[in-house]
Structure formats: C-alpha cells, structure tokens
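Letter by letter, the chains look like this.
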Amino acid sequence: MKAYWWTLPVAGTVFAVGLIITTFLFGAHQYGGVYQDPPKPAGDVRMTDESGKPAALSELRGQWVLLAFGYTTCPDVCPTTLARLAEVRRQLGAEAADVRVAFVTVDPARDNVARIAAYVHRFDETFKGFTGTDQELTAAAQAYGVSYSRVESDSAAGYLMSHTAFVYLIDPQFRIRVVYPFGVESDEITHDLRYLFHKES
Amino acid sequence: MRYLYVGLALTLGVFFATACGPQATPAAPGPAATSIVVDQPWARAAMAGGNGAAYMILKNIGKEDMKLLSAASDVAQAVEIHQTTMVGGAMQMAPVKEIPITAGGQTELKPGGYHVMMIGLKRELKVGEKISVVLTFDKGASITVSADVKQQ
C-alpha cells in the first residue's frame, strides 16, 4: 500500500492537464460579447454617408461589418469605441480587407457630412460614417433597438446625448452575430473575428 | 483683571491665527497639494475644433479626503470635469461639480467614467506629443500634469 502513495497526485495531475488540453482544443469559443444564436437579420441603415451620397449599410453585404452609434461631440465613449475598432483592423492585418466599420450619428443636427467624415477618418481611412434626417435616424435606431435622447446641460459643449453604446458584428450574409457592450477590448473582437473566419471559411 | 486681558488677547490671537491663517495664501499650492499624486496621465488624440478628453489616476497619499474641483488647459476653449454613467442601459455624460479622492485611496479617470473634458480644441492633439493640464483641488491645491497624447 505504501508503495502507491504517489498514484493519487499523479492521476490528479494527468487529469488536470488532460482537461486543459481538451478545453483548449475542443472547448466552446468564449465570445467577447453576446453571441446571437440563431443569427438575426441585420436592420438596414439608409442615410447619407461620409462622402455626402445617399447610402445604405446593406451595400456592405459580403463583408464583415462592425457597427456603432454615437456622436462626434462625445469625447469619451464614442472615440474609445472607434479607437478600439481601428485597433481591431490593425490587429487583423491582411484579414482586415473584408472588415468594415460603420458609425451612425445620433446627433444629425450637429454632425453634418464634413464633420462626420473628419471624425471617422481620424481613426481609420476605411471607416464609414452615416448622418441624415431625423426620420432616417429613427428608422436606423429602431432596427437595432438603439435608444438615444438629447440631454440639456450647462456644459460649454452644449447639449449632450444619452445613447446606448453597443457594437454590432454583422456577417457577410448581413446577419447580426455578436453584440458587444461598451468597454469591449479590441483583442476580444479580433479573437472572435478570427474564430468566425476559420469556422465559416 | 490684568490676567483677564492677557487671556483675552491670547484667545483672540489664537482665534485670528487659525481663522485667517489659511486664507492668507488662497491660490498658492499649500502642503495639501503634495497629498495628491497623479499617475499615468494621458489625453486622446483629437481634431482641432472638436472635443477631447484626458484621463489619469489620482492617488491621495494624505490623511484628508480631497476633491478635484476644476481643470484647465490652454489647448481648449473650455475645460470641464465630466462623468459618463450608465442610465437605463444608455451611456450618458454630464458635467460634475467635483471628483472625490478619499484619504489613502485613489480615483481613476478612465474611458466610460470620470474624465477631463476639453471643449473646442484650439489645435489638433497629435499622438506622441504632451499637453499641459492644470488640476485644481479643494484646500487651494493645484497640480500641473503633462499628459501624453495617445490614440486609444
């Protein structure tokens, strides 16, 4: 009996290592946001793009799209999100060719075409920006369940906008696959995209 | 009777010394200034005419609670202290009167939370440069920090 005292710790170690390897090879992918199962058809955004022409988000069908809503007066939440999405494209390198980022303003009264173009292109030359009429914005926001409202303030920045700040990952079939909360790290989105590229190619 | 006058004079002297003493130098950075240590100050790259934000960790190494009351910088038309909060699932930003830093504790100014809001940038904030931000705390303390401009 005394000769076998080591069997328990050794068996335990073998089991633990096996579990780690199994999880690594066959384990479920952990998404950085809420995975949509089954995928939901993405709603369209029909507004004016950063070049000043009428455009639709669905024109990007065939590519992966990361969609965010915000406003250019915002110095905190919106640029944080856009900077991270720009970082995702850098991390993907050559694979970023089929990944687009679109930013829809919830403040079309202040965000005209010139302003939204200057704002999004600061982060990445390939980013698309959308602005338009209140009706166009209402339709786009409803399609994604985005809520936004104008909040009066005594700030020198004028009124501020309250808005939901999710990022939507849309696949080449124009379906929503993952919804990310504000604060998601670029690494998490890049990891998800790479996983989906390999799973679905 | 003579002792009463002396006592009264001493009492008044101590009273005025304590009541007027701290007010004699209201704007100068007093000992209180040294109780705040600013860690990792940075500002986000932003376009001229737009708005910017600066972030940092404020550590209070003193024994008294402190408050950040205002911030200033010559790169913007106006500088305010703001806080982003989650209200019913939506992110909402609003000016705040003060940012508390408890004694022995720290308060982080970070994306999606407290930040120094720079409104109407007079020039572009470029990655790699440094900008100067003056922080004014209660008890007449102020600190000038040099924030690295980053794209993140």
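Given the structure is predicted, the values throughout are model-derived calculations rather than measurements. (Residues numbered from 1 in each chain as written. Chains lettered and ligands numbered in written order. Predicted model: local features only at pLDDT ≥ 70, side-chain atom pairs only at ≥ 80, totals over all residues. Heavy atoms only, no water.)

Engineer: Just checking my understanding: could you explain the pairing of strand S5 (residues 99-105) of chain A for this structure?
Structural biologist: Working note: regular strand, side chains alternate between the two faces of the sheet. Residues and elements named next belong to chain A. Burial analysis of S5 places seven of its seven residues in the buried class, the great majority of the element. Burial of the side chains of S5 extends over both faces: Val99, Val101, Phe103 and Thr105 are buried on one face and Arg100, Ala102 and Val104 on the other. Pairing analysis gives seven bridges linking strand S4 (residues 64-70) to S5, with the strands arranged parallel. Considered in S5, the bridge of Val65 is made with Arg100. Across three bridges, the pairing between S5 and strand S6 (residues 128-131) is parallel. (Buried < 20%, exposed > 50% of the residue type's maximum accessible area, 1.4 Å probe, protein only. Helix = DSSP H or I, 4+ residues; strand = E, 2+ residues; numbered from the N terminus. Pairing = 2+ DSSP bridges.)

Engineer: Just checking my understanding: could you explain helix H3 (residues 113-123) of chain A for this structure?
Structural biologist: Owing to its 3.6 residues per turn, the α-helix aligns residues three or four sequence positions apart on the same side. Residue and element names in this part refer to chain A. Taken together, the buried positions of H3 are Ile116, Ala117, Tyr119, Val120 and Phe123. When H3 is viewed along its axis, its buried side chains cluster within an angular range of 170 degrees and face the same direction. Looking at the buried side of H3, the elements it contacts are helix H2 (77-92), S5 and S6. (Arc of directions from axis to C-beta. Contact = heavy atoms within 4.5 Å.)

Engineer: Sorry, what's going on with the interface of chain B and chain A here?
Structural biologist: Tallying the contact residues gives 30 residues for chain B and 27 residues for chain A. A combined buried area of about 2,100 Å² lies between chain B and chain A, and 60% of that area is made up of carbon and sulfur atoms. Together, Met47, Met91 and Met93 of chain B form the three largest contributors to the area buried by chain B at its contact with chain A, with a combined 30%. Of the charged contacts in the structure, one is a salt bridge between Arg122 of chain A and Glu124 of chain B, with a shortest N-O distance of 3.2 Å. (Buried area = accessible area lost by both parts, 1.4 Å probe. Salt bridge = Lys/Arg side-chain N within 4 Å of Asp/Glu carboxyl O.)

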